[in-house]
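# Architecture at a glance
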Amino acid sequence: MAVDPLIELRNVNKYYGELHVLRDIDLTVGKGEVVVVIGPSGSGKSTLCRTINRLETIESGTITLDGRPLPAEGKALARLRAEVGMVFQSFNLFAHKTVLQNVSLAQVKVRRRRQEEADRRSRELLDRVGLLNQAGKYPAQLSGGQQQRVAIARALAMEPKAMLFDEPTSALDPEMINEVLEVMRQLAREGMTMVVVTHEMGFARASANRVVFMADGRIVEDRSPDEFFTHPRSDRAKDFLSKILKH
């Protein structure tokens with residue numbers, strides 16, 4: 001178990017109207033840990049991910065980041081979102097801004113960096129995700145895989161303490177998935193704290209410290225990838241794995 005918790009959820013509950021989407025969730029993510037969240041559709045995985053930077057509010061329970069409770073709104077919330085990078089299914093890039101401008105914008109606006117400093121940092125990160133040569137292009141000129149790598153660079157530019165990935169490859173064509181997963185694998189190797197909701201079991205097996213399996217709004221299993229994939233304990237997990245792992 002991680003000694004130094006960075007993200008902690010305690011007894012978290014969330015409803016959409018009558019629908020109880022998160023049920024008594026307890027989860028701790030230690031600094032430098034990669035936690036992959038998997039489970040059938042509608043199990044609450046994305047909602048869980050989105051509560052961590054308060055894109056979704058919760059009805060009860062507590063969520064803390066680095067020992068501090070999540071702020072409700074205002075400037076403190078904006079600061080929190082800078083501490084927790086988020087990468088979505090859709091890339092959410094600004095269409096009318098170049099790749100470089102997309103990565104620099106929040107650095108200037110939220111982190112108050114000077115433009116040239118922000119641009120320098122952006123170029124370093126674009127280089128790191130293999131896209132420095134695309135800095136002057138607009139998002140529409142890039143493939144989906146490239147746009148998602150720009151979105152990752154943009155989140156990293158804020159120097160977050162943790163990165164949340166909500167099904168980052170599910171909108172991509174198969175041949176682009178690996179280029180995005182490779183950037184994520186590299187981040188994992190470098191010790192970035194990551195919570196990743198994904199259907200990519202290869203990534204879960206190779207890069208996760210822990211696999212959290214959800215079903216019906218609950219965490220059913222929370223174990224090492226090796227244990228989970230070879231000896232799932234619950235019937236739900238066995239059933240899920242038998243459907244997705246093609247033998």
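Throughout, a residue's number is its position along its own chain's written sequence, starting from 1. Residue-level local features of this predicted model are given only where pLDDT is at least 70; pairs of side-chain atoms are given and counted only at 80 or more, and the full residue set underlies all totals for whole chains, interfaces and linings. In computing side-chain values, all of the structure's heavy atoms are included and hydrogens and water are not.

### With respect to helix H6 (residues 174–189)
Note on conventions: DSSP H or I runs of at least 4 residues are helices, E runs of at least 2 residues are strands, and numbering of each starts at the N terminus. Multiplying one less than the number of residues by 1.5 Å gives the expected span of a helix. Taking 1.5 Å as the rise per residue, H6 with 16 residues should run 22 Å; its terminal C-alpha atoms sit 23 Å apart, in good agreement. Think of it in three bands: with a 1.4 Å probe and only protein chains considered, a residue is buried below 20% of the maximum accessible area for its type, exposed above 50%, and partly exposed in between. For H6, the set of buried residues is Met176, Ile177, Val180, Leu181, Val183, Met184, Arg185, Leu187 and Ala188. Those residues of H6 that are buried lie in contact with strand E3 (34–38), helix H4 (115–128), helix H5 (144–156), strand E7 (162–166), strand E8 (193–197) and helix H7 (201–207). Residue contacts follow a heavy-atom distance rule, with two residues in contact if any of their heavy atoms lie within 4.5 Å.

### Thoughts on the environment of Leu55
Its location among the elements puts Leu55 in the loop between helix H1 (45–51) and strand E4 (60–65). It is 24 Å that separates the C-alpha atoms of Leu55 and Val99, two residues lying 44 residues apart in sequence. Filtering out sequence-adjacent residues up to four positions away, Leu55 remains in contact with Arg50, Arg81, Met86 and Phe88.

### Brief notes about the pairing of strand E2 (residues 19–30)
For strand E1 (residues 5–16) and E2, the ladder comprises eight bridges, and the chain directions are antiparallel. Along E2, the bridge assignment pairs Lys14 with Leu22. When DSSP finds two or more bridges between two strands, those strands count as paired. The loop that links E1 with its antiparallel partner E2 comprises two residues; one of these, Gly17, has a positive phi angle of about 60°.

### Some words on the packing of aromatic side chains
What characterises a pair of aromatic rings is the spacing of the ring centres plus the angle enclosed by the ring planes. A pair of Phe, Tyr and Trp rings is counted when the ring centres sit within 6.5 Å of each other, with Trp represented by its six-membered ring. The angle between the planes then sorts it: under 30 degrees is stacked, over 60 is edge-to-face, the rest tilted. Scanning all chains against the criterion turns up three aromatic pairs. Here the aromatic rings of Phe213 and Phe240 are separated by 5.3 Å at their centres, their planes lie at 50°, and the arrangement is tilted. Separated by 27 residues along the polypeptide, Phe213 in strand E9 (residues 210–215) and Phe240 in helix H9 (residues 235–244) bring together distant segments of the chain. An aromatic cluster of at least three residues, connected via ring pairs, comprises Phe213, Phe228, Phe229 and Phe240.

### Here we look at unusual backbone geometry
Positive phi, close to 65°, is recorded for Arg54, a residue that is not glycine. Phi angles above zero are rare outside glycine, and Glu159 is one such case at about 50°. Relative to the assigned elements, Glu159 resides in the loop between H5 and E7.

### Focus on the nonpolar core
The biggest cluster of nonpolar side chains holds 49 residues, and the ones touching the most others in it are Leu126, Ile152, Met163, Phe165, Met184 and Met194. At eight residues, the largest contribution of residues to this core is made by H6. In this structure, Met184 is in contact with Ile152, Phe165, Pro168, Met194, Val196 and Phe203, ignoring residues within four places of it in sequence. Formed by 27 residues, the second largest nonpolar core is a distinct cluster that contains Ile25, Leu77, Phe88 and Leu164. Buried Ala, Val, Leu, Ile, Met, Phe, Trp, Tyr and Cys residues form a nonpolar core when they are joined through side-chain atoms within 4.5 Å.

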